Amino acid sequence: MTRPGGRLRVGVLVSGRGSNLQALLDASSRPGYPAEVVVVISDRERAAALDRARTAGVEALFVNAKDFGDRESFDLALVSELNARRVGLVCTAGFMRILSSAFTRAFAGRAINIHPSVLPAFPGLHAQRQALDHGVKVSGATVHFLSDGAVDTGPIILQATVPVEPGDTEETLAARILVEEHRLYPEAVRLFAEGRLTIAGRRVIVR
Ligand code: GRF
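Residues numbered from 1 in each chain as written. Predicted model: local features only at pLDDT ≥ 70, side-chain atom pairs only at ≥ 80, totals over all residues. Heavy atoms only, no water.

Trainee: Would you mind showing me how to read the layout of surface pockets here?
Mentor: Over the atoms, a rolling probe the size of a water molecule traces out where space has been left empty. Put simply, the largest pocket is a space of about 1,100 Å³. What lines the largest pocket is a set of 41 residues, among which Gly 94, Phe 95, Met 96, Ile 114 and Leu 125 lie closest to the centre. The element contributing the most residues to the lining of the largest pocket is helix α6 (residues 170–193), with six residues. A per-class count over the lining of the largest pocket returns 15 nonpolar, 17 polar and nine charged. (1 Å grid on protein atoms, 1.4 Å probe; cavity = no way out; pocket = protein on both sides within 12 Å on 5 of 7 lines; lining within 4 Å. Points joined across faces, edges and corners; volume = space filled by probe spheres on them. Helix = DSSP H or I, 4+ residues; strand = E, 2+ residues; numbered from the N terminus. Nonpolar A, V, L, I, M, F, W, Y, C, P; charged D, E, K, R; others polar.)

This is the structure:
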């Protein structure tokens, strides 16, 4: 939901370090950027990402899954917090929970995720370790829409590749991929905010 003449209101879901959140916050503060992060929600009270939000003057919210009887109720609580702030786009950024269809339906076509591999290769946890174990020569990052099905399977918006170097560890490969993540995620949000993304079946057309 972009207000007339205003910027797209973005909500970010996090669980940890928040370096991708930081990239989005930094982009938000650039003149002319068409989106602004209005709320950051974490399922972990001590997530460093919440401190990043506070430092940037953005509302930081902890929602405790233990306060809810099941996954759907927790997800619906997230939906209601996001709607209360008139969020038009949700970005998951290192959010360590799988969102149910209660959430993905409420934000269909309005929720995106970043993943540290060139999907559909290596979905799920430890994507960098999976890439090293497989012996691939390139890996990278993907921004995609959230879908109702399995994790990391939604329509792909942007991808970037990096080489896998001899002697790479999970950490060195992750660091190389992160550089691309921090470039891709704000770019994907910008494209969405400018109305330049159309989902056509499995594909995303970028205008
Ligand atoms: C990133 O690699 C992201 O792609 C993955 O989890 C990591 C989160 O890192 N989903 P950060 O919290 O954004 O620093």
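Trainee: Is there a simple way to explain the nonpolar core in this structure?
Mentor: Nonpolar side chains in soluble globular proteins generally cluster together in the buried interior. By size, the foremost hydrophobic cluster in this structure holds 44 residues, and its most contacted members are Val 12, Val 40, Cys 91, Ile 112, Ile 157 and Val 189. Per-element accounting of this core gives the leading share, nine residues, to α6. Lining this core are residues from two domains, each supplying at least three of them: domain 1 (1–107) and domain 2 (114–207). If we skip the residues at most four places from it in the chain, Val 12 touches Leu 21, Leu 24, Val 37, Val 39, Val 40, Ile 41, Cys 91 and Ala 93. (Core = buried A, V, L, I, M, F, W, Y, C linked by side-chain atoms within 4.5 Å. Buried < 20%, exposed > 50% of the residue type's maximum accessible area, 1.4 Å probe, protein only. Domains from an automatic or database assignment. Contact = heavy atoms within 4.5 Å.)

Trainee: Looking at this structure, how should I read the site of the ligand?
Mentor: The environment of the ligand is made up of Arg 17, Gly 18, Ser 19, Asn 20, Gly 94, Ile 114, His 115, Pro 116 and Glu 181. Contacts to the ligand include Arg 17, whose side-chain N or O atom sits 2.6 Å from an oxygen atom. One nitrogen or oxygen atom from the main chain of Ile 114 is found 3.2 Å from a nitrogen atom belonging to the ligand. For the ligand, the accessible surface in isolation is 360 Å², of which the surrounding protein chains cover 84%. More than half of the atoms belonging to the ligand lie within 2 Å of the grid points that define the largest pocket. When contributions to the shell around the ligand are tallied by element, the ones reaching two or more residues are α1 (19–28) and β5 (111–115). A class-by-class count of the residues in the shell around the ligand yields two nonpolar, five polar and two charged. Viewed by domain, the shell around the ligand spans two of them, domain 1 (1–107) and domain 2 (114–207), each represented by three or more residues. (Near = heavy atom within 4 Å. Polar contact = N/O pair within 3.5 Å; in protein donor to acceptor, adjacent residues only side chain to side chain. Areas by Shrake-Rupley, 256 points an atom, 1.4 Å probe, with all protein chains shown as cover. Sits in = over half its atoms within 2 Å of the grid points.)

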